[in-house]
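# Notes for the structure review
Each chain is listed here by its residues.
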Amino acid sequence: MHTPNTALRFRALVGFLPALLLFSACKPDKTPLVIPDTYDGAAFVSHTAAQAAVRSALTVLTDEMKKGRVQANTVSFSTLTQLYTSGAPSLSSLTSSYYRGRIEGSGGWLDNLAQASGNAYTPGAPAGSGGVFGGYLLDEHGLELEQMVEKGLFAAAMYNHAITLMQGPLTEATPDQLLSIFGAHPDFPNTTTAANTANPDKFMAQYAARRDKSDGTGLYSQMEAALIKLQAAIAAGEDYGQERDEALQAYQRTWEKVCFATVINYCHTTISRLSATSPTDADRANAIHAYGEAVGFTHGWRTLPQEFRLITDAQLDELLTLMNAPYDAAPASYKFLTDPVSELPKLTQVIGRLQTIYGFTNQEVEDFRENWVSKQGR
């Protein structure tokens, strides 16, 4: 008894289809997104007051930690804590809860750094509180806590803040804010040399410049292209959501690649300096400093939301273990100084793991040895 109604509905649908197809055929296609050659920085300063404050806070904190590199100086734990936790937003408020727990409080990295200051350090099995070795302040395990804080915060606070921005709402201010927290400027100078530009690259952007051969295809150029595209897509409206999301994805991946290309660079440096026939104390100090930067850059990514990174916590944990700085046990960083023949192959393994994770070519891994800003004099 339902057959007549069914037949009527079928005939109505058949009659509607030609009109629907005609409408679809007449609907104009979306015009391609127009991507300009340069970034529009007209509103950059007004959009990025919060990011500028965060950048300044990290610079001031780092400068305070660096005072401990001189053995005659004692660094105050309370001063370091105040610098890390003050401000709106504060560095502490932007840091992942995991990494904040490593930095703050009694027994945290800021506390241990303060305890190490004012002393001398002799490489070997842990004893005392650490101290200065060759112009760098190390804890009793031979790890430079200044790097664990500063370089770790490039991911744990600054990239973590970028994640919050990318989760929206996305406005015309968002590209400026992502650009600022990366450490670059709308000029995209691709240099850290203040003599060559009024707005040199800072923070993660300075390492992007160092890893870029300035041939228009490198990591710095890729980040510039991603942010120009993002700015254009957001300004063009919701019809360009796909292009916007592509640009955000490129921003994420490029930041991450810059970081771990730099880890490769510092592993190269550590291996090179400690493989010398008769390394001087200056060579050894510079090596353990480079090593500490590699560990800090790596550790800061732990526990960040997986959808915003390629590397996993399991991979990070493997890398940190190879670096003698596991997240869940006391480090044995000093062994790279006391037994380099046995320990340095671990850093070669780190380079290999990162090459696999990010698909870096052999030539790229070789190129990552260089600071191209210095090499090219730009």
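Above this note sits the structure.
Described below are features of the structure shown in this document.

Quick notes on the rules
- Residues numbered from 1 in each chain as written.
- Predicted model: local features only at pLDDT ≥ 70, side-chain atom pairs only at ≥ 80, totals over all residues.
- Heavy atoms only, no water.
- Helix = DSSP H or I, 4+ residues; strand = E, 2+ residues; numbered from the N terminus.
- Buried < 20%, exposed > 50% of the residue type's maximum accessible area, 1.4 Å probe, protein only.
- Contact = heavy atoms within 4.5 Å.
- Disulfide = S-S within 2.5 Å.
- Core = buried A, V, L, I, M, F, W, Y, C linked by side-chain atoms within 4.5 Å.
- Expected span 1.5 Å × (residues − 1).

## Some details on the side chain of Ser90
- Looking at the element boundaries, Ser90 is found in the loop between helix H4 (77-85) and helix H5 (91-94).
- Residue classification places Ser90 among the buried positions, given a relative accessible area of 7%.
- Excluding its chain neighbours within four sequence positions, the residues that come into contact with Ser90 are Tyr84 and Thr85.

## Structural notes on the state of the cysteines
- Under the counting rule described, the total for this entry stands at zero disulfides.
- Free cysteine: Cys259, not disulfide-bonded; nearest cysteine sulfur from Cys267 at 11 Å.
- Looking at Cys259, the relative accessible area reads 1%, which means it is buried.
- On the accessibility criterion, Cys267 (1% relative accessible area) is buried.

## Re the nonpolar core
- In this structure, Tyr251, Trp255 and Leu354 are the most contacted members of the largest nonpolar core, which totals 107 residues.
- Those residues within four positions of Trp255 in sequence are excluded, and the remaining contacts are Phe154, Met158, Tyr159, Ala162, Ile181, Phe182, Met204, Met223 and Trp301.

## Description of helix H3 (residues 49-66)
- Helix length check: H3, at 18 residues, gives a terminal C-alpha distance of 26 Å against a target of 26 Å (1.5 Å per residue), a fit within 8%.
- Inspection of H3 places Gln51, Val54, Arg55, Ala57, Leu58, Leu61, Thr62, Glu64 and Met65 among the buried residues, and these make up the whole buried set.

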